[in-house]
Amino acid sequence: NGGGKGGRGALIVLEGLDRSGKSSQSARLLSFLEGKGCATEGWRFPDRDTSVGKMISAYLANESQLDDRTIHLLFSANRWEKRSLMESKLLGGTTLVVDRYSYSGVAFSAAKGLDIGWCKAPEVGLLAPDLVIYLDVQPEKAAERGGYGGERYERVEFQKRVAEHYHSLRDSTWKVVDGSLPMETVEEQLRELAMNCISECQDKQLTNLPW
Ligand code: TMP
Ligand code: MG
């Protein structure tokens, strides 16, 4: 528990294709960390509760049409509007488990053909995660999971391009976990990665994304 020793909380991000299991695994990780007495909150992007988030949600539900660059900047703005709260939570000792972040922003927009440098630019200055857990699932396998196809990007051919862009974004903070393993196995791996990260980053300074 970072809070107990006066250290900061960890910024832990889960990334992966649609239906890779991020949301279920974030929830499981969150209750595990809470059970350990660790100050933790579960966040997600897009945060559909803000007014920007509502525009994003309508776009994803195909209820509105937006130009590719416009929606890209809205996703980014949705992170920017939470940046200062994010920083104060982390500095106050709360660990954040975040379902999607800037990597989703870049991978999904780049998969539409937008320039990667252009996609990264609005993310510069957002907080850098201490750990990125990528849940690796084949696009075809993800498509077999329940609820697939409900939102705009849930098409196998598109998700294959997203996966390629995710691959090119991997850096030293990334840990790739095989998301096709049994749920309990994945859960166990995430617990260990998260616990290590939380204890290692207590005395480390918060930094910004290195893009
Ligand atoms: P969700 O299913 O996790 O709520 O995410 C909704 C969709 O939005 C998902 O297909 C990924 C996509 N997305 C982006 O295109 N850019 C972003 O910045 C984020 C956070 C998500
Ligand atoms: Mg979704």
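Below or above, wherever it landed, is the structure these notes cover.

Rules used in this analysis
- Residues numbered from 1 in each chain as written.
- Chains lettered and ligands numbered in written order.
- Predicted model: local features only at pLDDT ≥ 70, side-chain atom pairs only at ≥ 80, totals over all residues.
- Heavy atoms only, no water.
- Helix = DSSP H or I, 4+ residues; strand = E, 2+ residues; numbered from the N terminus.
- Buried < 20%, exposed > 50% of the residue type's maximum accessible area, 1.4 Å probe, protein only.
- Polar contact = N/O pair within 3.5 Å; in protein donor to acceptor, adjacent residues only side chain to side chain.
- Contact = heavy atoms within 4.5 Å.
- Pairing = 2+ DSSP bridges.
- Axes fitted to C-alpha atoms, helices over the stretch in contact; angles between N-to-C directions.
- Phe/Tyr/Trp six-rings, centres within 6.5 Å; stacked < 30°, edge-to-face > 60°.
- Lys NZ or Arg CZ within 6 Å of the ring centre and 35° of its normal.

### With respect to the side chain of Arg 83
For step 1, the next point in the chain: As for its position among the elements, Arg 83 is in helix H4 (residues 83-91).
For step 2, the next point in the chain: When its relative accessible area of 15% is taken as the criterion, Arg 83 is described as buried.
For step 3, the next point in the chain: Here the side chain of Arg 83 touches Gly 125 through a polar contact of 2.7 Å, landing on its backbone oxygen.
For step 4, the next point in the chain: For Arg 83, the contacting residues outside a window of four places in its chain are Gly 125, Leu 126, Leu 127 and Asn 208.

### Structural notes on the sheet that holds strand S5 (residues 174-178)
For step 1, the next point in the chain: Sheet architecture is open: 5 strands sit in the order S2-S3-S1-S4-S5, paired in parallel fashion. Here the strands that pair on one side only, and so sit at the sheet edges, are strand S2 (40-44) and S5. Here the strands of the sheet are splayed against their neighbours by 20° on average, with no regard to which way each runs.
For step 2, the next point in the chain: In terms of strand pairing, S2 meets strand S3 (residues 95-99) through 5 bridges, oriented parallel. Paired with Gly 42 across the strands is Val 97, a residue of S3.

### Some points on the packing of aromatic side chains
For step 1, the next point in the chain: For the structure shown, the criterion picks out 11 aromatic pairs.
For step 2, the next point in the chain: Between Phe 45 and Tyr 101, the aromatic rings sit 6.0 Å apart at their centres with planes inclined by 45°, giving tilted as the arrangement. Remark: Tyr 101 occurs in the loop between S3 and helix H5 (102-110) and Phe 45 occurs in the loop between S2 and helix H2 (51-60); sequence separation between them is 56 residues.
For step 3, the next point in the chain: In this structure Phe 45 comes out as buried when scored by relative accessible area, which is 4%.
For step 4, the next point in the chain: Aromatic ring contacts, followed pair by pair, group Tyr 59, Tyr 103, Phe 108, Tyr 134, Tyr 153, Phe 158, Tyr 166, Trp 174 and Trp 211 into a single cluster.
For step 5, the next point in the chain: The ring of Trp 118 has Arg 69 sitting right over it, with the charged end atom 5.5 Å from the ring centre.
For step 6, the next point in the chain: A cation over a ring is seen here: Arg 152 above Tyr 59, with NZ or CZ 3.7 Å from the ring centre.

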